[in-house]
Amino acid sequence: MATSETTFEISDVSDGRFSFLGLPPPKALSDVWLLSSSLIFAWKDGWFIRVPREGGITPPNVWGSWEGENMQEGPSAVKTGTSTVGITFDGGVVVGADHRATMGHFVANKSVQKLFKIGDNLALTTAGLVGHAQSLARTLAAEVSLFELRRGDSMTVKGAATLTANILSGRPHWVQLLIVGVDSDGGSVYSIDSAGGSIPDVYCATGSGSPYMYGVLEDGFSENMSRKDAVALAARALSASAQRDAASGNGMDLAVITAKDGYVPVQQSEITSALKK
């Protein structure tokens, strides 16, 4: 999109309306960029379309006419997809994620890492923008390591979830996360949204494939289930999402976390065996 030399200032966009100072808005179907402190608008075909400051993925568009009409939220130009799962069992937790990364309807990568070890007793799963997810994984791993060095003890699952929520509430990321782990209270699963909301549960699924996984989880989960049953349930849930969600698939990573052994990846042979039953 070309940039016009004509500049307009937006006087206010905080209440869902905007107006201009200086020259009147353009009447031709030219392309003009309008910058405010937090938003960028582009003039296109009689409308101002909000575009992201960061390139790559376009967030939900907001349209509004130059006459000051209320802006309306429209659909995102590009959507991301993923399937991740966390399940508690007697003595620990199982956590997993698929491998597929998408850009709209295009499969951009078939071997993306979405499951991260951030401590001997903690794991992170990510859905959303790959850059934001990888940055958070590095930050959390470093913060957990520093905590252990300073305190001489492992960070609790609730502490890791609170740390993550505080990071996201200060600067929201385009992600949906699971913080999963084991501490003195047993196994825990925390779902964390992009704005820092943190919710504990005995099992949880995130990403575009989560609706397909929840049917499997609701049917197969039971309190204090065995490690073997929890691994099999996680594998079946991720397999179900891969069959019905176009943005999920290309295999999966699973890991088991217990107080005795810590973070242990599940071998692909065990996953294959669980899916055959």
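Residues numbered from 1 in each chain as written. Predicted model: local features only at pLDDT ≥ 70, side-chain atom pairs only at ≥ 80, totals over all residues. Heavy atoms only, no water.

1. Structural notes on the overall build of the protein
Here is step 1 of the chain: For the protein, the count of helices and strands is five helices and 19 strands.
Here is step 2 of the chain: Burial statistics for the protein: of 277 residues in total, 45% are counted as buried.
Here is step 3 of the chain: For the protein, long-range pairs separated by at least 24 residues make up 54% of all intrachain contacts whose partners lie at least 6 apart in sequence.
Here is step 4 of the chain: Carbon and sulfur atoms provide 51% of the accessible area of the protein, an area that totals close to 14300 Å². (Helix = DSSP H or I, 4+ residues; strand = E, 2+ residues; numbered from the N terminus. Buried < 20%, exposed > 50% of the residue type's maximum accessible area, 1.4 Å probe, protein only. Contact = heavy atoms within 4.5 Å. Areas by Shrake-Rupley, 256 points an atom, 1.4 Å probe, with all protein chains shown as cover.)

2. Thoughts on the sheet that holds strand E17 (residues 203–206)
Here is step 1 of the chain: The strand order E17-E8-E9-E18-E19 describes an open sheet built from five strands, whose pairing is antiparallel. Two strands bound the open sheet, and with one partner strand each, they are E17 and strand E19 (262–265). Direction aside, neighbouring strands of the sheet carry axes that sit 15° apart on average.
Here is step 2 of the chain: Sheet strands touched by helix H4 (residues 227–244): strand E8 (84–89), strand E9 (92–98) and strand E18 (252–258). Its angle to E18, the strand with the most contacts, is close to 155°. (Pairing = 2+ DSSP bridges. Axes fitted to C-alpha atoms, helices over the stretch in contact; angles between N-to-C directions.)

3. Observations regarding the layout of surface pockets
Here is step 1 of the chain: Put simply, the second largest pocket is a space of about 270 Å³.
Here is step 2 of the chain: The wall of the second largest pocket is formed by 20 residues, among which Ala101, Thr102, Gly128, Leu129 and Val130 lie closest to the centre.
Here is step 3 of the chain: At the level of elements, strand E10 (101–103), strand E11 (106–109), strand E13 (122–128) and helix H1 (130–151) are the ones that each hand at least two residues to the lining of the second largest pocket.
Here is step 4 of the chain: Of the residues belonging to the lining of the second largest pocket, the class tally is 10 nonpolar, nine polar and one charged. (1 Å grid on protein atoms, 1.4 Å probe; cavity = no way out; pocket = protein on both sides within 12 Å on 5 of 7 lines; lining within 4 Å. Points joined across faces, edges and corners; volume = space filled by probe spheres on them. Nonpolar A, V, L, I, M, F, W, Y, C, P; charged D, E, K, R; others polar.)

4. Digging into the nonpolar core
Here is step 1 of the chain: Residues Val85, Ile87, Val94, Leu217, Met225, Leu233 and Leu254 are the most contacted members of the largest nonpolar core, which totals 26 residues.
Here is step 2 of the chain: Elements supplying a minimum of two residues to this core: E8, E17, helix H3 (210–220), H4, E18 and helix H5 (268–276).
Here is step 3 of the chain: With nine residues, H4 is the single largest residue contributor to this core.
Here is step 4 of the chain: In terms of nonpolar packing, the next biggest core, distinct from the first, is built from 19 residues, Val144, Ala160, Val175 and Ile192 among them. (Core = buried A, V, L, I, M, F, W, Y, C linked by side-chain atoms within 4.5 Å.)

5. Notes on the pairing of strand E14 (residues 175–183)
Where a strand is regular, its side chains alternate between the two sheet faces.
Here is step 1 of the chain: Taking burial as the measure, the nine residues of E14 include eight buried ones, the bulk of the element.
Here is step 2 of the chain: Of the strand pairs in this sheet, E13 and E14 are connected by seven bridges, and their pairing is antiparallel. Bridge pairing links alanine 123 to valine 180 in E14.
Here is step 3 of the chain: Pairing of E14 with strand E15 (residues 186–192), which is carried by seven bridges, proceeds in the antiparallel orientation. Each residue of the ladder has a partner; that of glycine 181, found in E15, is serine 188.

6. Points about the packing of aromatic side chains
Here is step 1 of the chain: Under the defined criterion, the tally for this structure stands at two aromatic pairs.
Here is step 2 of the chain: Ring centres of tyrosine 203 and tyrosine 214 lie 6.4 Å apart, and the angle between their planes is 50°; on these two criteria the pair is classed as tilted. With tyrosine 203 in strand E17 and tyrosine 214 in helix H3, this residue pair connects regions lying 11 residues apart in the sequence.
Here is step 3 of the chain: Residue tyrosine 203 is classed as buried on the basis of its relative accessible area, which comes to 10%.
Here is step 4 of the chain: In this structure tyrosine 214 comes out as partly exposed when scored by relative accessible area, which is 28%.
Here is step 5 of the chain: Geometrically, the ring pair formed by tyrosine 203 and phenylalanine 221 is tilted, given 4.8 Å between the ring centres and 50° between the ring planes. In this pair, tyrosine 203 is assigned in strand E17 and phenylalanine 221 in the loop between H3 and H4, connecting sequence segments 18 residues apart.
Here is step 6 of the chain: On the basis of relative accessibility, which here comes to 16%, the residue phenylalanine 221 falls in the buried class.
Here is step 7 of the chain: Aromatic ring contacts, followed pair by pair, group Tyr203, Tyr214 and Phe221 into a single cluster. (Phe/Tyr/Trp six-rings, centres within 6.5 Å; stacked < 30°, edge-to-face > 60°.)

7. Considerations on the sheet that holds strand E12 (residues 115–119)
Backbone-to-backbone hydrogen bonds join strands into a sheet, with any given pair of strands oriented parallel or antiparallel.
Here is step 1 of the chain: If you walk across this open sheet you meet the five strands as E12-E13-E14-E15-E16, and the pairing is antiparallel. Strand pairing shows two members of the sheet lacking a second neighbour, E12 and strand E16 (198–201), which therefore form its edges. Taking the axes of each pair of neighbouring strands and ignoring which way they run, one obtains an average angle of 25° across the sheet.
Here is step 2 of the chain: Docked against the sheet, H1 engages E12, E13 and E14, running at close to 20° with respect to E12.
Here is step 3 of the chain: Along the sheet, helix H2 (residues 157–170) contacts E13, E14, E15 and E16; its crossing angle with E14, the most-contacted strand, is approximately 160°.

8. Considering the packing of H4 against H5
Here is step 1 of the chain: Close contact between H4 and H5 brings their axes to 9 Å; oriented N to C, the two are set at 80°. The angle between H4 and H5 falls in the class roughly perpendicular. Taken together, the residues of H5 that come into contact with H4 (itself represented by Arg227, Val231, Ala232, Ala235, Arg236 and Ser239) are Glu270, Ile271, Ala274 and Leu275. (Parallel < 35°, antiparallel > 145°, perpendicular 65-115°, else oblique.)

Just geometry here; none of it tells us what the structure is for.
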